[in-house]
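# Structural characterization, general
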Amino acid sequence: MTLKDPIVFEPLAMERVWGGRRLETHLHKALPPGISVGESWEIVDRVEAQSVVHQGPLQGKTLHELWTDHRDEVFGAGVNGSERFPLLIKILDARDKLSVQVHPPAAIAKSLGGEAKTEMWYFLHSEPGAKIYAGLKKGVTREAFEQLVQNGKVEQGIHEIDVHDGESIFIPSGRLHAIGGGNLIIEAQQNSDTTYRVFDWNRVGLDDNPRKLHVEQSLLSIDFSDYEPQLSKPHGETLADCPYFNVEKWALTTARPAHDHASFAIFTAVEGEIECGGLRFQVGDFFLVPAVLHSMEIKPLSENAKALRITVPQPVA
């Protein structure tokens, strides 16, 4: 197999009760008509959802096929040996608040029948007054939180944070969290779809019935020492760096190679327009630069061009 171009996948639109249509109006993505779309799964390798290559010689192949059959060429010889591609990349359109939820830590995820999930959010666009919820308010004990759950007043115990365009936050597994309405977010996460809802603002779902909660699992998963976390402070270009992924924000004043060694890198423009391999990409367009093309350049096509680069850590020799 000879690769010459970055790989572009077909996004998957997911209907959500809290979603809207800004993926269409703001990012020009093709959405199914007449539904509220809350998530666009941009890069995913799961049994229930597969990214499919949009164009080029690999057109029609799934991400899982690439991971299984072409791992060294596409992803690099040094990536982990997991059965499936280790990341899931999404764009979220929160027209309304998401549920108050938690993802289980690795130490207990399997015993609860789920998968661990650590993630980060990059705020692509936040309406004036938009906020998120992360961690507990200072002084809220487990016992006090359980009482708030029983009384349907969980919002009184969770920490609120005002957010603006271009900011980000790290959400480790175990951190209680919710996204407030008016946020358009890029999310990089472990390849997991386990979410335990502890509170859903006393609303009904798409079927007009109360949405299912997972109170017992949530109480076992929440880190009750996690008080009032703050937004991430960038370290140079790095927004998030953990054992599962690295996310950088590049201000592109000139062309730069995608990677300094033979490993894949995922990119999306977050401001302006960029080019790679002769293809143009606008805000919210994702592409993967294969390991064998790691020296391919990412070029700015506008003065304010900025991009996120998402990679995975290399194993220690």
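Above this text is the structure in question.
Residues numbered from 1 in each chain as written. Predicted model: local features only at pLDDT ≥ 70, side-chain atom pairs only at ≥ 80, totals over all residues. Heavy atoms only, no water.

## Thoughts on the packing of aromatic side chains
In total, this model carries twelve aromatic pairs according to the counting rule given. Aromatic side chains Phe-75 and Phe-85 sit 5.4 Å apart centroid to centroid with 40° between the ring planes, which places their arrangement in the tilted category. Residue Phe-75 is located in helix H3 (residues 71-75), and its partner Phe-85 is located in the loop between H3 and strand S5 (87-94); the two are separated by ten residues in the primary sequence. A single burial state applies to Phe-75 and to Phe-85, both of which are buried. One aromatic cluster is present, formed by Trp-67, Phe-75, Phe-85 and Phe-264 through successive ring pairs. One residue, Arg-71, lies across the ring of Trp-67, its end atom 4.0 Å from the ring centre. (Phe/Tyr/Trp six-rings, centres within 6.5 Å; stacked < 30°, edge-to-face > 60°. Helix = DSSP H or I, 4+ residues; strand = E, 2+ residues; numbered from the N terminus. Buried < 20%, exposed > 50% of the residue type's maximum accessible area, 1.4 Å probe, protein only. Lys NZ or Arg CZ within 6 Å of the ring centre and 35° of its normal.)

## Notes on the nonpolar core
Ranked by size, the top nonpolar core spans 56 residues in total, and within it Phe-75 and Ile-298 carry the most contacts. The contacts of Ile-298, once residues within four sequence positions are left out, are Trp-250, Leu-252, Thr-254, Ala-255, Arg-256, Ala-258, Phe-267, Ile-274, Glu-275, Cys-276, Phe-287 and Val-289. Ranked by size, the runner-up nonpolar core spans 18 residues in total, among them Val-100, Tyr-133, Val-154 and Ile-222. (Core = buried A, V, L, I, M, F, W, Y, C linked by side-chain atoms within 4.5 Å. Contact = heavy atoms within 4.5 Å.)

## Details of the pattern of salt bridges
When the charged atoms of two side chains with opposite charge come close together, those side chains can pair. Throughout the structure, instances matching the rule amount to 21 salt bridges. Asp-200 serves as the salt-bridge partner of Arg-211, at 3.2 Å between the closest nitrogen and oxygen. With a gap of eleven residues between them, Arg-211 in the loop between strand S13 (196-199) and helix H6 (215-221) and Asp-200 in the loop between S13 and H6 connect regions that are remote in the sequence. Glu-273 is paired through a salt bridge with Arg-280; the nearest N and O atoms lie 3.1 Å apart. Classification of Glu-273 by relative accessible area gives buried; the value is 18%. Classification of Arg-280 by relative accessible area gives exposed; the value is 53%. Residues participating in the shared-partner salt-bridge network are Arg-16, Glu-39, Lys-90 and Glu-187. (Salt bridge = Lys/Arg side-chain N within 4 Å of Asp/Glu carboxyl O.)

## Side note on helix H5 (residues 142-150)
Two residues of an α-helix separated by three or four positions point the same way, owing to the 3.6 residues in each turn. Residues of H5 that are buried: Phe-145, Leu-148 and Val-149. Seen along its axis, H5 keeps its buried residues to an arc of 105°; they face one direction. With respect to the buried face of H5, the exposed residues turned more than 90 degrees away are Glu-143 and Gln-150. Buried residues along H5 sit in contact with strand S8 (131-136), strand S9 (158-162), S13 and H6. Directly after H5, the chain includes Gly-152, whose backbone phi takes a positive value near 65°. (Arc of directions from axis to C-beta.)

## Examining the pairing of strand S12 (residues 183-190)
Burial of S12 is extensive: eight of the eight residues sit out of reach of the surface. Where S5 meets S12, eight bridges bridge the pair, whose relative direction is antiparallel. Looking across to S12, one finds that Ala-94 is bridged to Asn-183. Relative to S12, strand S7 (residues 119-126) runs antiparallel, the two being bridged by seven bridges. Paired with His-125 across the strands is Leu-184, a residue of S12. (Pairing = 2+ DSSP bridges.)

Purely spatial values, then, with no claim about function.
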